[in-house]
Structures are given as C-alpha cells and as structure tokens.
Amino acid sequence: MERHKKRWLVALLLACFGVTVYTSYALLFEDEALTPPSILKHHKPQLEFHPIDADVQFIDAYTRVILDSREGSSHTLTVHVTSETSIPTTIRQDVALVYANGVLADRVYGGEKETAFLSQDMYIQGQGSTRYDVITFHHAEIEKEDDSMTSQQTLSQDRVYLLSSAITSSSLFREAQTNTQNHWKRILDNAIEDNWSYQWQHLMEHFELDQRDYTVIPLYELHEYTTQSFPGFDQDQTTLLLGLIWETLFERYILEIHPDDHHKEQPQGSIMPIILVANDQTHVSILFRTAEGKEVQIEHPISFKNKTTEE
C-alpha cells in the first residue's frame, strides 16, 4: 500500500510541473519511427559492433542542450550532437536518447559513409519545469584491407534543468547557482529518482532477479565506464561490453520495442533502462518499462571471442 501511495505521489508531483514534452521536429525522424539517412535509405538502420580498432580514435564527441526560446511556461530546446574521428571511416554513426523527467522524449540518429565528422540537431518543445538527460553513443566502423571490419566508439552526455514557474522566469542550468535553482533541482531530482527506483525495483521483482547477483547501472551512467572498468572486468573487456550493450539497445530498444511476438511499440514514453552486468560474467540484462506499461527484459550472453584486433 505504501509503495503504491509513493508512486501516485511521484506521478502527482510530476503532473504539477505541467510537463508535456514532445518533439516538433527531429532530424532524420519521420512518423515517430527511425528513418535511415541517405546512405541507408533502402535498408533498416543497423549499428554493428566489431573488434576495437586501436588505430582510430575519437578526437571529439559532444552532446549539448541549448535553450532556443521560451514563452510563458513553454520552451523550445536544441539537442546538438557532434563527433569526429582521427581519420575518415567507412561508416560513422551517432545515436542520442533524450529523457525528459526520466521518460524517453525522443531519439536522434545520424550516419554517413566515408567521413570523420558528424553533426545533427534535434528540436524539442516542452512545458513546465523539466530535467533533461541526454546520452549519445558515437560509433565508427572501419573496413580493413583484408575486408574484415573493426570499430571504435565513445559516449557523451548532457544533463540540464529548465525551470518555469510563477515565481521565476524560465532558466536553463547545469549546476545550481541560486537558492531557487537549488530548490527546483532538488524537487526534480527527488521526483525522478524516486520514480526510477520504484520502476526498477518493480522490474527486478517481476523478472525474479536478485540485485546481489549484478552490477546495476542506469543507462545515463554508462559513460562513466569509458574511463573505468565494470567490476570483475578489465578496461578492454569493459569497452567491448559497452559496444555489445549499445548494439543490443539499438536493435531492440532504440529502433523499435517488441515486448512479445504479437506486439510492438515505439520507445518514446518508456522509462530509462537499467543495465545489469552479471557478477559471474555470463550475461548482461537490459530492463525497462514501455509507455504502455509492459515490462521488458533483454538478455545478451557475454562473449569476448574474436572481439579484439589483438587476438
């Protein structure tokens, strides 16, 4: 009873913010489905993970939320994503996920052939006080002289707070500087994270998983593992595992969700996934709840065979 009461309080609090976030336009999107760029227009977009290529590096990877305009309690934002590799690669791809108060508002995808640099913008319209969490996976595929494929990758992210209330004009910030900003940041953080905690605990119980058997990582925190390793894994293994996680996310979450054989959904409105890395190093699970309330578990075995260029 107490848990359900808490859930309704969180929902009521978010409703009081008047948050009705939606996208008016998203580059390379059409009819709420991911539309491939020109190089892929005749094919379903794919993001394929290959052995890591030490000869190619990302020299820039950047995600930034910019406030374009505000009027009353409404606002318009631009999510700007850029990245560049040290040399042109066979295929360059970036995919960004934009969460508004913990729920997926939309995603932006860009891809080009034989280039080092990518840049794209997504335009978001919203209303009320909102925390935006954006995480971007930057990816490159390289075809070698022997026709084998390698890849390189990195992550970037941004988190901003957009305030709109009767007592203050709209303002966007990353670090709170005033008492008002601190107050609203605390309210938004507590509401979002309480809701996440409830949803994730429900998912663990629904799929009968024991948290003690896993390292539990919210999707937004995956970027931390570009410079530190998962418990029990070295840094090279962690890099490989990050690639496998994003390949799985792209195919089974970002493009389209299939909760069962007879049902499919777009990912907008879903709760932010959690990543469960098994302590016995056998598998990784991705858990989330769709906009229609369906619980989803995506499990992928962990295997590092033939996934490094040094083997």
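The rules behind the values
The numbers attached to residues start from 1 for each chain and follow its sequence in the written order. Owing to the predicted nature of the model, reporting of local features is limited to residues with pLDDT of at least 70; listing and counting of side-chain atom pairs is limited to 80 or more, with chain, interface and lining totals taken over all residues. Calculation of side-chain values draws on the structure's entire complement of heavy atoms; hydrogens and water are dropped beforehand. Runs of E in the DSSP output that reach at least two residues are strands. Runs of H or I that reach at least four are helices, and both are numbered from the N terminus. Relative accessibility decides the category of a residue: with a 1.4 Å probe and only protein chains considered, values under 20% of the type maximum give buried, values over 50% give exposed, and everything between is partly exposed. Throughout, a contact is declared for two residues whenever any of their heavy atoms are within 4.5 Å. For the accessible areas, the method is Shrake-Rupley and the probe is 1.4 Å, while residue cover comes only from the protein chains on display. Strand pairing is assigned whenever DSSP detects at least two bridges linking the two strands. In protein, a polar contact means a hydrogen-donor-capable atom and an acceptor-capable atom, both N or O and within 3.5 Å, with residues adjacent in sequence counting only if both atoms are side-chain atoms; elsewhere, any N or O pair within 3.5 Å suffices. Centres within 6.5 Å are what make two rings of Phe, Tyr or Trp a pair, Trp counting through its six-membered ring; a difference in plane orientation under 30 degrees is then read as stacked, over 60 as edge-to-face, and the rest as tilted. Lines fitted to the C-alpha atoms define the axes, with helices restricted to the stretch that makes contact. Angles between their N-to-C directions range from 0 to 180 degrees. Buried Ala, Val, Leu, Ile, Met, Phe, Trp, Tyr and Cys residues form a nonpolar core when they are joined through side-chain atoms within 4.5 Å.

**Student:** Describe in detail the overall build of the chain, supporting the description with residues and values.
**Tutor:** Along the backbone of the chain there are three helices and 15 strands. Relative to its full complement of 311 residues, the chain shows a buried share of 50%. In the chain, the share of contacts with a sequence separation of at least 24, taken over all contacts with a separation of at least 6, comes to 67%. Total accessible area computed for the chain in this model is approximately 14900 Å², and 46% of it derives from carbon and sulfur atoms.

**Student:** Can you lay out the pairing of strand S4 (residues 58-71) for me, pointing to particular residues and giving the numbers?
**Tutor:** Where S4 and strand S5 (residues 74-100) come together, 12 bridges link them in antiparallel fashion. Bridge assignment links Tyr 62 to a residue of S5, and that residue is Thr 82. Joining the antiparallel neighbours S4 and S5 is a turn of two residues, in which Gly 72 adopts a positive phi near 65 degrees.

**Student:** Hey, could you go over the side chain of Arg 289 for me, with residue numbers and the actual values?
**Tutor:** Note that Arg 289 resides in strand S14 (residues 283-289). At a separation of 3.0 Å, a polar atom in the side chain of Arg 289 contacts the side chain of Gln 199.

**Student:** A description of the packing of aromatic side chains should follow, citing residues and the corresponding values.
**Tutor:** Evaluation of the coordinates by the stated rule reveals seven aromatic pairs. Their ring planes at 45 degrees and their centres at 5.5 Å tell us that Tyr 109 and Phe 250 sit as a pair that is tilted. You can see Tyr 109 sitting in strand S6 (residues 103-127) and its partner Phe 250 sitting in helix H3 (residues 235-254), a full 141 residues away along the chain. The class of Phe 250 is buried, set by a relative accessible area of 1%.

**Student:** A description of the sheet that holds strand S13 (residues 274-278) should follow, citing residues and the corresponding values.
**Tutor:** Read from one edge to the other, the open sheet built from four strands follows the order S10-S13-S14-S15, with strand pairing classed as antiparallel. Of all the strands in the sheet, the pair left with one neighbour each is strand S10 (214-218) and strand S15 (295-301). Between one strand axis and the next, the sheet turns by 20 degrees as a mean value, whatever way the strands run. In terms of strand pairing, S13 meets S14 through four bridges, oriented antiparallel. Within S14, the residue paired with Val 277 across the bridge is Val 284. Its contacts with the sheet put helix H2 (residues 179-206) on S10, S13, S14 and S15, and the angle it makes with S14 is roughly 125 degrees. Contacts from H3 reach S13, S14 and S15 within the one sheet, and its direction differs from that of S14 by about 40 degrees.

**Student:** Quick one: what's the story with the nonpolar core, residue by residue and with numbers?
**Tutor:** Leu 97, Leu 219, Leu 222, Phe 230, Ile 245, Trp 246 and Tyr 253 are the most contacted members of the largest nonpolar core, which has 52 residues in total. Sort the elements by how many residues they give to this core and H3 lands first, with 10 residues. The residues contacting Ile 245, other than those within four sequence positions of it, are Leu 222, Phe 230, Ile 275, Val 284 and Ile 286. Counting residues in each nonpolar core, the second largest holds 15 residues, with Val 79, Ala 96, Val 98 and Tyr 132 among its members.

**Student:** Break down unusual backbone geometry for me, with residues and values.
**Tutor:** Phi at Glu 208 is positive, roughly 55 degrees, even though this residue is not glycine. With respect to the element layout, Glu 208 can be found in the loop between H2 and S10. Relative accessible area serves as the criterion here: at 72%, Glu 208 is assigned to the exposed category. Even without a glycine there, the phi angle at Gln 281 is positive, about 65 degrees. Assignment of secondary structure puts Gln 281 in the loop between S13 and S14. By relative accessible area, which is 31% here, Gln 281 ends up partly exposed.

**Student:** Could you give an account of the environment of His 300, with specific residues and numbers?
**Tutor:** With respect to the element layout, His 300 can be found in strand S15. Here the alpha-carbon distance between His 300 and Val 277, two residues 23 residues apart in the chain, equals 10.0 Å. Beyond its immediate sequence surroundings of up to four residues, His 300 is in contact with Leu 244, Thr 248, His 283 and Val 284.

**Student:** Tell me about the environment of Val 108, and name the residues and values.
**Tutor:** For Val 108, the position within the fold is in strand S6. The class of Val 108 is buried, set by a relative accessible area of 1%. Residues Val 108 and Ile 254, spaced 146 residues apart in sequence, show a C-alpha to C-alpha distance of 9.6 Å.

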